[in-house]
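# Report on the structure
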Amino acid sequence: MIFVLKIAIMRVYLFILVLCCCLLASCSSIGSGFPLEETLTQELMPLQGITNPVKVEIKPPFLIFENWKRSDSLFHIYDLTSHELKSTFGVKGEGSDEFVSPSLFQGPLSDFLIGDFGKNQIFRFGIDNEGLPIFKAAETFGYDNALYDAAFVNDSLYIADPKYMLQPSLYLLALQDSLPRKIWTYRSSDIMDYSLDPDMGNVYANESRIVFCYGYKKQIDFMDTSFNLIKRVKFDFDTSDASILATGNEKISYAYSYLGKRYLYALFFGMSWNENRAKDSFGTILEVFDLDGNPVIRYYLKGKRPVYFAVDEETFTLYGTIEDGDPEDNLLMYRLKGLS
């Protein structure tokens, strides 16, 4: 009887040991909280002409980027399949068909959007089969200071983030609204300078989600389009002391992100801007989440860090701009393995 009891106890111990080993293996494979990890090699997409691409957007089968090198040919349209330049357009000026201070926006719409800060207007364009832009509409914002960092939910609704106002919050508005429909306050009104606030971050939106990625702490808030929290994703992160914020020596968490129709693609630093630039912008990480805030895959970028970027979710290819313009007249490309 004692012998049988010893055998039973040994089996229990063995079961516990195996279970612990499995748990340890599971934790080891997850590591940073992501079930999959990959290392990506940088590729380049050569551009035609003299360019300095700043912002980029994808509208399959086309790619659009904003060119800062000229006062004409402000926007370039490329075929994503052949990487062939299809058209250029846009001139700086004061005329009705010119842009005073233009900026390319990203968003979930089939059209692409260009904002003009000088006119407080948003311009909508389609693209025909030949890659030529089709002007559709120009609309004036009803709310002042709404154009900066606007994130579009759909054709009529957008999120404004007037970062340097007395009550820093995200506002849900329609284009003609003079007052917000909903407000979500994410940081302290006692700190006037946005860059000195430990809760500063950037907002992104699509037709079903509003996502807020924090810049100084490793946290992302996933909300529906009425600011109702769906999931708050938090990771351990060695945040910097408030005394060094906005000096270039503070540790950056999420620098820039892109919200597609299927995933959030969040660029994670884990170092200061000065450290990253000392490495020629090598050594950053791209984290991918589903729209409910679940970690999907973590990519280690062997090449340079994209500044602004967009993802073609038909081929899962990232196209991004280069901070220092080296190599010149190119976009960065990363093929995001493991996504479907």
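First, a word on what this report is: a plain description of the structure on this page.

### Structural notes on the overall build of the protein chain
Scanning the protein chain from terminus to terminus reveals two helices and 25 strands. Within the protein chain, the proportion of its 340 residues that are buried is 47%. Within the protein chain, contacts between residues at least 6 apart in sequence are counted, and of these 45% link residues at least 24 apart. With an accessible surface of roughly 16,200 Å², the protein chain has 54% of that area assigned to carbon and sulfur atoms.

### Details of the environment of Tyr214
As for its position among the elements, Tyr214 is in strand β16 (residues 210-214). Using a relative accessible area of 3% as the deciding quantity, one classes Tyr214 as buried. When the C-alpha positions of Tyr214 and Val203 are compared, they lie 8.9 Å apart, and in sequence the two are 11 residues distant. Every residue in contact with Tyr214, bar those within four places of it in the chain, is listed here: Trp184, Asp199, Met200, Gly201, Gln219, Ile220, Asp221, Arg232, Ser253 and Tyr254.

### Some remarks on the pattern of salt bridges
Taken as a whole and assessed by the stated rule, the structure comprises 19 salt bridges. The shortest N-O distance in the salt bridge between Arg124 and Glu139 comes to 2.9 Å. Of this pair, Arg124 sits in strand β9 (residues 121-127) while Glu139 is found in strand β10 (residues 133-140), placing the two residues 15 residues apart along the sequence. Using a relative accessible area of 7% as the deciding quantity, one classes Arg124 as buried.

### A short note on the nonpolar core
Formed by 71 residues in total, the largest nonpolar core has its most connected members in Ile159, Tyr265, Leu336 and Leu339. With eight residues, the top contributor of residues to this core is strand β20 (residues 263-272). Beyond its immediate chain neighbours, meaning those up to four positions away, Ile159 contacts Asp149, Ala150, Ala151, Val153, Leu170, Tyr171, Leu172, Val203, Ala205, Ile210 and Phe227. Judged by nonpolar contacts, the second largest core, of 15 residues, contains Phe105, Leu147, Tyr158 and Leu173.

### Brief notes about the sheet that holds strand β17 (residues 219-223)
Paired through backbone hydrogen bonds, the strands of a sheet run either parallel or antiparallel to each other. The strand order across the open sheet formed by four strands is β15-β16-β17-β18, and the pairing between neighbours is antiparallel. In this open sheet, the two edge strands, each paired with only one partner strand, are β15 (201-205) and β18 (229-234). For this sheet, the mean angle separating the axes of adjacent strands, direction not counted, is 15°.

### Describing the packing of aromatic side chains
Overall, the coordinates contain 31 aromatic pairs when judged by the stated rule. For the ring pair Phe125 and Phe135, a centre distance of 5.7 Å and an interplane angle of 65° mean the geometry is edge-to-face. Of the two residues, Phe125 sits in strand β9 while Phe135 sits in strand β10, which places them 10 residues apart along the sequence. A relative accessible area of 8% places Phe125 in the buried class. Ring centres of Tyr143 and Tyr171 lie 5.7 Å apart, and the angle between their planes is 90°; on these two criteria the pair is classed as edge-to-face.

### Remarks on the environment of Arg232
Here Arg232 lies in strand β18. Look at Arg232 and you get partly exposed, because its relative accessible area is 43%. Between the C-alpha atoms of Arg232 and Asp221, which are 11 residues apart in sequence, the distance is 4.6 Å. Residues within four places of Arg232 in sequence aside, it is in contact with Tyr214, Gln219, Ile220 and Asp221. Reaching out from Arg232, the side chain makes a polar contact with the side chain of Asp221 at a distance of 2.7 Å.

### So, the sheet that holds strand β13 (residues 169-174)
In spatial order, the strands read β11-β12-β13-β14; together these four strands make up an open sheet with antiparallel pairing. The open sheet has two edge strands, β11 (151-152) and β14 (182-185), and neither has a second partner. Two strands pair when backbone bridges link them, and β13 and β14 are joined in this way by four bridges, in the antiparallel orientation. In the strand pairing of β14, Tyr171 is matched with Ile183.

Rules and cut-offs
Residues numbered from 1 in each chain as written. Predicted model: local features only at pLDDT ≥ 70, side-chain atom pairs only at ≥ 80, totals over all residues. Heavy atoms only, no water. Helix = DSSP H or I, 4+ residues; strand = E, 2+ residues; numbered from the N terminus. Buried < 20%, exposed > 50% of the residue type's maximum accessible area, 1.4 Å probe, protein only. Contact = heavy atoms within 4.5 Å. Areas by Shrake-Rupley, 256 points an atom, 1.4 Å probe, with all protein chains shown as cover. Salt bridge = Lys/Arg side-chain N within 4 Å of Asp/Glu carboxyl O. Core = buried A, V, L, I, M, F, W, Y, C linked by side-chain atoms within 4.5 Å. Pairing = 2+ DSSP bridges. Axes fitted to C-alpha atoms, helices over the stretch in contact; angles between N-to-C directions. Phe/Tyr/Trp six-rings, centres within 6.5 Å; stacked < 30°, edge-to-face > 60°. Polar contact = N/O pair within 3.5 Å; in protein donor to acceptor, adjacent residues only side chain to side chain.

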